[in-house]
Every structure is written in C-alpha cells, then in structure tokens.
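Spelled out from the first residue to the last, the chains are:
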Amino acid sequence: MNRHNALAIVKKQLTEHRYIHTLGVTDTAIELAERAAVDPSKAEMAAIFHDYAKFRPKDEMIKIIHSQKWDPAFIDYGEELLHAPAGAYLVKKEAGINDEEILSAIYWHTTGKAEMTSLEKIIFLADYIEPNRRFPGVDDVRKEALESIDKAIISALRNTVIFLMKKNQPIFPETLNAYNDLVITERKERMKKRDGTSKNT
C-alpha cells in the first residue's frame, strides 16, 4: 500500500486535527527511521495507521480486547489506551495490513513496553514529539531525539509518569516497565564504556 492510499483510508477515520497530527507523526517517524537504519516504509505505514481507531466507540474497542484475550489492563487503566491495541486489530482486519512489526508498533504506541523493537520505539517517540505537539518538556525531548532515541524515550516516559501522578491517575504497568528497561540498559552501557575507558588508561 502506498502513502496516498493509506492516508485516504485513515483520513475517513479521523478528525481534521487528528489527521494533521498523523501527518506530523508520519514525517517524524520517517526521519527517525532513516537516522536509526530502520525501514522507513514500515515506519511510514505504522505512523499513518497508529491512530486509526482513535474515534471508534469505546464499547467496540473493549469488545475487541476481550475477544482477542488481550491484557484487560488496557481497559482498567483508562480509555486513552484502548485505541492502540484495538487499532492494531482493526488495521489488520479493515485495511489489510498484515506486517506484524507494523501492527505491534501500533499496538504499543501509547504505552510503550519493555524491550521495544526499534520500530516500536520510533512510533512511540514520533507520536510524542511530532511538530504539532505543544506541551511542557516536548522541546527538550525533541533535542534529545537528535542525539539518542532511547534517551528521548526515557525523558518522554518520565514526563508522562510525572504528569499522570500529578493528576492522581494510574500508570499502565508496561509504561513503567518500558522506563525501567531503558534506564537499566542505558546504565549498563554507561558502565561498560566507563570500564573500557579505565582499562585503557
């Protein structure tokens, strides 16, 4: 499926505001993918379809999660989470996207998870930093993304967790797992570099 056809399918599902957001996510995802040596065509498709189910009825999305026997926590932790897993299902069923990497990137784009693939990271981050986003801290994350996708995601996750805690909202377990996984990995890499430097001195 080419970009034109994919956008035509998605546009019917979205408001104008959300469609503009989708265009921003798509361009950002392609840019990140090219820098990270990830297939930009997969990043493009995942980004175009990432919010496909954003405006589907809540009951429909809950029914999908139940029917697929997916984690019921998606239902328990807030309506904003439903469109990601439901979207992965509907994109496969209605748009004919069968690439599991693309579908998984759609599935996890809102919450993140531990051990995300490069494509999953790109869609998660592109959704957060696309140019139309305007909220405290996003410019700092954009700058970090120029240097390291992982570090930018750590900051995005930290900001999200703090935001939810201030609103006394529950935090999806996999979001915390994603943060911990990336922080631990970064710490191990930093220690490895430090040990390598000390051995060479």
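Rules used throughout
Residues numbered from 1 in each chain as written. Predicted model: local features only at pLDDT ≥ 70, side-chain atom pairs only at ≥ 80, totals over all residues. Heavy atoms only, no water. 1 Å grid on protein atoms, 1.4 Å probe; cavity = no way out; pocket = protein on both sides within 12 Å on 5 of 7 lines; lining within 4 Å. Points joined across faces, edges and corners; volume = space filled by probe spheres on them. Helix = DSSP H or I, 4+ residues; strand = E, 2+ residues; numbered from the N terminus. Nonpolar A, V, L, I, M, F, W, Y, C, P; charged D, E, K, R; others polar. Core = buried A, V, L, I, M, F, W, Y, C linked by side-chain atoms within 4.5 Å. Buried < 20%, exposed > 50% of the residue type's maximum accessible area, 1.4 Å probe, protein only. Contact = heavy atoms within 4.5 Å. Phe/Tyr/Trp six-rings, centres within 6.5 Å; stacked < 30°, edge-to-face > 60°. Axes fitted to C-alpha atoms, helices over the stretch in contact; angles between N-to-C directions. Parallel < 35°, antiparallel > 145°, perpendicular 65-115°, else oblique. Expected span 1.5 Å × (residues − 1). Polar contact = N/O pair within 3.5 Å; in protein donor to acceptor, adjacent residues only side chain to side chain. Salt bridge = Lys/Arg side-chain N within 4 Å of Asp/Glu carboxyl O.

Caption draft 1: Main features of the layout of surface pockets. Looking at the largest pocket, its volume works out to about 1200 Å³. Every residue lining the largest pocket is counted, 37 residues in all, and those nearest its centre are Thr110, Tyr128, Thr160, Phe163 and Leu164. The set of elements that each furnish at least two residues to the lining of the largest pocket consists of α2 (16–35), α8 (118–129) and α10 (149–166). No other element matches α10, which puts 7 residues into the lining of the largest pocket. For the lining of the largest pocket, the residue count by class is 14 nonpolar, 12 polar and 11 charged.

Caption draft 2: Region of the structure containing the nonpolar core. Phe49, Val91, Ile122, Ile123, Leu125 and Ile153 are the most contacted members of the largest nonpolar core, which totals 59 residues. Residue contributions to this core peak at 8 residues, all from α8. With sequence-adjacent residues up to four places away left out, Ile122 is seen in contact with Ala29, Leu32, Ala33, Ala36, Val38, Ala43 and Ile149.

Caption draft 3: Broad picture of the packing of aromatic side chains. In the structure shown here, the tally under the stated rule is 8 aromatic pairs. Relative to Trp108, the ring of Phe74 has its centre 5.9 Å away and its plane inclined at 45°; by these criteria the two rings are tilted. With Phe74 in helix α5 (residues 73–76) and Trp108 in the loop between α7 (100–107) and α8, this residue pair connects regions lying 34 residues apart in the sequence. Taking the relative accessible area as the measure of exposure, Phe74 reaches 1% and is therefore buried. Take Trp108: its relative accessible area is 16%, and that puts it in the buried class. A network of ring pairs unites the aromatic residues Trp70, Phe74, Tyr77, Tyr107, Trp108 and Phe172 as a single cluster.

Caption draft 4: Focus on the packing of helix α6 (residues 83–95) against α7. Between α6 and α7, whose axes approach to 7 Å, the crossing angle comes to 150°. In terms of their interaxial angle, α6 and α7 are classed as roughly antiparallel. Contacts between α6 and α7 involve Ala84, Pro85, Gly87, Ala88, Val91 and Lys92 from the former and Glu100, Leu103, Ile106 and Tyr107 from the latter. Of the residues belonging to the contact of α6 with α7, the class tally is 7 nonpolar, 1 polar and 2 charged.

Caption draft 5: Fine view of α10. Relative to the 26 Å expected for 18 residues at 1.5 Å per residue, α10 spans 26 Å between its end C-alpha atoms, a close match to the ideal helical length. Turning to α10, its buried residues are Ile149, Ala152, Ile153, Ile154, Ser155, Ala156, Leu157 and Val161. N-capping of α10 is provided by Ser148, with a side-chain oxygen placed 3.4 Å from the backbone N of Asp150. Positive phi appears at Asn168, one or two residues downstream of α10, with a value of about 60°.

Caption draft 6: Quick look at the pattern of salt bridges. Taken as a whole and assessed by the stated rule, the structure comprises 15 salt bridges. Of the charged contacts in the structure, one is a salt bridge between Lys42 and Glu101, with a shortest N-O distance of 2.2 Å. Of this pair, Lys42 sits in helix α3 (residues 40–49) while Glu101 sits in helix α7, and the two are 59 residues apart along the sequence. Taken together, the shared-partner salt bridges in this structure form one network comprising Arg3, Asp27 and Glu44.

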